[in-house]
Every structure is written in structure tokens, then in C-alpha cells.
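Single-letter residue listing:
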Amino acid sequence: MLNTEKYPQLVRLHNAIRQKDPFQTKNLSRLWQGKDETYFNEAEAILGAFVEYMTSVDTNYDYLVTSYLDMCKSILTEQIRFKRTGDYRYNEMNTVIKEVYTNAEFMKRYMIGVAISEAIWENHFVMYNFYKHSISEGVHPPTYLEIGVGHGLFLLHALRQEGLTEVVGVDISETSIALTKGLLEFSGVDFGNLRLIHEEVMATKFSSQGNFGFITMGEVLEHVEQPLNLLTRIKELLHLKG
């Protein structure tokens, strides 16, 4: 059992999940098995940063936990559907925009769920730390683009890096833009050089091609109709030394 004083956010989350969903409690216990202190310290920091912000804007903790569990159920439902039919529920971008991205309540709950998963799902935790390692090696030129800012945790880390002269975040969801902006304001980082753009990235006009020294995106590629077109677009925007 984790030390409550050392890992208060992780312990609180575990206890809350245990009261609501035995299946996810077993998953969480399995995910944490064999993890070392470095892992738990980082997971506590990730979870703490997001939970502290959400509770600061009067979000009930039960709402956070339920949002995470609902996201888990939604993903499991889609996985089962895909195995049975070989197809996703939404196949056209216009449908996704209408049913998902412009659905403020759904997007808020889903982004809360994804943010929590960054701390406790091994694959998300590994990706987040790979991102942190990559950006710590330096950004040349010092310009940063994030496609799909989502919950804001990645962008928050980017803005804490020294020397970035331009930071751009693009998201098709107005809810994600608002969530990210709120997290940044709460965290007290300087984001005077940040542009947050509410738009589909393929339609976004940038100042120049080949300008960005670092481009990142997560949980995006699998949701676009023409992924190769998006990758081509990213290649055009990425600096030769990026």
C-alpha cells in the first residue's frame, strides 16, 4: 500500500476508484505492481498538478473520478465494437465534430479522464516521459507546436522550458482550449509567447513553412480521416533541424 503522506493524490484516487469500480481497482493495482519510487514520484506530480487545478475551479472530486471511469468504459466499449465489426463508431470527421468535439460536457469529462490516465496508465506515463526527455534535449529553432492540446499538461511542461520564442497550441475542441488555458493560468507560468488556436490543424495558417523546431501530438492521429495528409503537413511545418 502506498504511503498516504508521500503520495496523497495517488492514494486518494485509488481509494475513490475502489469504492466505485472493483474492475478498475484491479487494473490499477496491476499497473502499479513492481513500480519504483521514481515512477510514483512522477505520477504523484502529474496527478497533483491537474487535480489541484480542477478542484481550484470548484470541480467536485467525485466528478473527476467518475469522468475517468466513464472514459475507461467508453474506450473498452469501442475496443469491443472494433473487434466485432472492424470499424469505429464514427468514421467521418463531420460526425465526430458534431457528436464529440463540440459536445462540451463530453469533452470536459473525457479530457479529465485522459489527464488522470497520464499518471496511472503505463503506456501514457511512458509517452509523457518520452516527451519530457525529448524536449529537454533542446528545441532548435526554439519554436514549438502542439497539435491537440487536450488537457494542457504537455503544453504546461513546454512553457516551463527556457528559451522558447514561440509556442503554438492548436485544438479542434473549444473545451480543450479553455481547459488548457485555465491550467496554465492556475500554474502561474509565463505564456506571453503562446498562441492558442481553436481550429482544425489542416486549416490553420502558420507564418511560414518549416518553422517549428519541435512538433508534438498525442491521441490525434487515430481520429483523423486522412492520417497521411496530417503527417505530410507536419513534415512541411517542421524545421530541417527539428
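Look a little higher up for the structure.
Novice: Tell me about the packing of helix 3 (residues 37–56) against helix 9 (residues 174–187), and name the residues and values.
Specialist: Closest axis-to-axis distance for the helix 3/helix 9 pair is 10 Å, and the angle between their directions is 100 degrees. As the angle between them shows, helix 3 and helix 9 are arranged roughly perpendicular. Contacts from A49, F50, E52, Y53, M54 and S56 of helix 3 reach helix 9 at L179, G182, L183 and F186. Tallied by class, residues from the contact of helix 3 with helix 9 come to seven nonpolar, two polar and one charged.

Novice: Now, about the sheet that holds strand 4 (residues 214–217): what can you tell me, with residues and values included?
Specialist: Pairing is parallel in the open sheet, where four strands are placed in the order 3-2-1-4. Only two strands of the sheet have a single partner each, and these edge strands are strand 3 (194–198) and strand 4. Strand-to-strand, the axes of this sheet are offset by a mean angle of 15 degrees, without reference to chain direction. Bridging between strand 1 (residues 143–147) and strand 2 (residues 166–171) involves five bridges; their strand directions are parallel. If you follow L145 over to strand 2, its bridge partner there is V168. Against the sheet, helix 9 makes contact with strand 2 and strand 3, and its axis sits at roughly 155 degrees relative to strand 3, the strand it touches most.

Novice: Lay out a nonpolar patch on the surface with the relevant residues and their values.
Specialist: Among the surface-exposed residues, F23, L76 and I80 lie close enough to one another that they form a single nonpolar patch of about 270 Å² accessible area. In this fold, L76 is placed in helix 4 (residues 61–85).

Novice: Go over the pattern of salt bridges, please, and point to the residues and values.
Specialist: Counted under the stated rule, the structure contains seven salt bridges. The partner of E42 in a salt bridge is K132, and the shortest N-O contact between them spans 2.6 Å. Placement of E42 in helix 3 and of K132 in helix 7 (residues 122–136) is noted, with a sequence separation of 90 residues between them. Two residues, E105 and R109, come together in a salt bridge whose shortest N-O distance is 3.8 Å.

Novice: Describe in detail unusual backbone geometry, supporting the description with residues and values.
Specialist: With an omega dihedral of -5 degrees, the bond running from H140 to P141 counts as a cis peptide bond. With respect to the element layout, P141 can be found in the loop between helix 7 and strand 1. The backbone phi angle of D58 is positive, close to 65 degrees, even though this residue is not glycine. Note that D58 resides in the loop between helix 3 and helix 4. Its identity as a non-glycine residue notwithstanding, E219 has a phi of 60 degrees, on the positive side.

Novice: So what's going on with the environment of L231? Which residues, and what values?
Specialist: Position of L231 among the secondary structure elements: in helix 10 (residues 227–237). For the pair formed by L231 and L221, sequence separation is ten residues and the distance between their alpha carbons is 8.5 Å. Those residues in contact with L231 that sit more than four places away from it in its chain are M217 and L221.

Novice: Please provide a residue-by-residue account of the packing of aromatic side chains, values included.
Specialist: Following the criterion strictly, the structure yields 13 aromatic pairs and no others. Judged by centre distance (5.2 Å) and plane angle (85 degrees), the ring pair of Y39 and F40 falls under edge-to-face. Each residue in the set Y7, W32, Y39, F40 and F125 is aromatic and connected to the rest through ring pairs, giving one cluster. A cation sits over an aromatic face here: R12 above Y61, 3.6 Å from the ring centre. The residue whose ring lies beneath R109 is Y63, and the NZ or CZ to ring-centre distance is 4.7 Å.

Novice: Which residues make up the nonpolar core, and what values do they have?
Specialist: Core analysis: the biggest nonpolar cluster contains 76 residues, and L10, W32, Y68, I120, Y144 and L145 have the highest contact counts within it. When residues in this core are grouped by element, the largest group, nine residues, is from helix 3. Contact partners of Y68, with chain neighbours within four places excluded, come to I17, Q24, G113, I116, S117, I120 and W121.

Novice: Any chance you could break down the pairing of strand 1 for me, citing the residues and the numbers?
Specialist: Across a regular strand the side chains alternate sides, sitting on one face of the sheet and then on the other. Most of strand 1 sits inside the fold, with five of its five residues counted as buried. Alternating residues of strand 1 divide into T143, L145 and I147 and Y144 and E146, and every residue in both groups is buried. Regarding the hand of the β-α-β motif, the stretch spanning strand 1, helix 8 (residues 153–159) and strand 2 is right-handed. Relative to strand 4, strand 1 runs parallel, the two sharing four bridges. Within strand 4, the position partnered with E146 by the bridge is T216.

What counts and what doesn't
- Residues numbered from 1 in each chain as written.
- Predicted model: local features only at pLDDT ≥ 70, side-chain atom pairs only at ≥ 80, totals over all residues.
- Heavy atoms only, no water.
- Axes fitted to C-alpha atoms, helices over the stretch in contact; angles between N-to-C directions.
- Helix = DSSP H or I, 4+ residues; strand = E, 2+ residues; numbered from the N terminus.
- Parallel < 35°, antiparallel > 145°, perpendicular 65-115°, else oblique.
- Contact = heavy atoms within 4.5 Å.
- Nonpolar A, V, L, I, M, F, W, Y, C, P; charged D, E, K, R; others polar.
- Pairing = 2+ DSSP bridges.
- Patch = residues over 30% accessible without salt bridge, like charges linked within 9 Å, V, L, I, M, F, W, Y side chains within 5 Å.
- Areas by Shrake-Rupley, 256 points an atom, 1.4 Å probe, with all protein chains shown as cover.
- Salt bridge = Lys/Arg side-chain N within 4 Å of Asp/Glu carboxyl O.
- Phe/Tyr/Trp six-rings, centres within 6.5 Å; stacked < 30°, edge-to-face > 60°.
- Lys NZ or Arg CZ within 6 Å of the ring centre and 35° of its normal.
- Core = buried A, V, L, I, M, F, W, Y, C linked by side-chain atoms within 4.5 Å.
- Buried < 20%, exposed > 50% of the residue type's maximum accessible area, 1.4 Å probe, protein only.
- Right-handed = clockwise from strand over helix to strand, strands pointing away.

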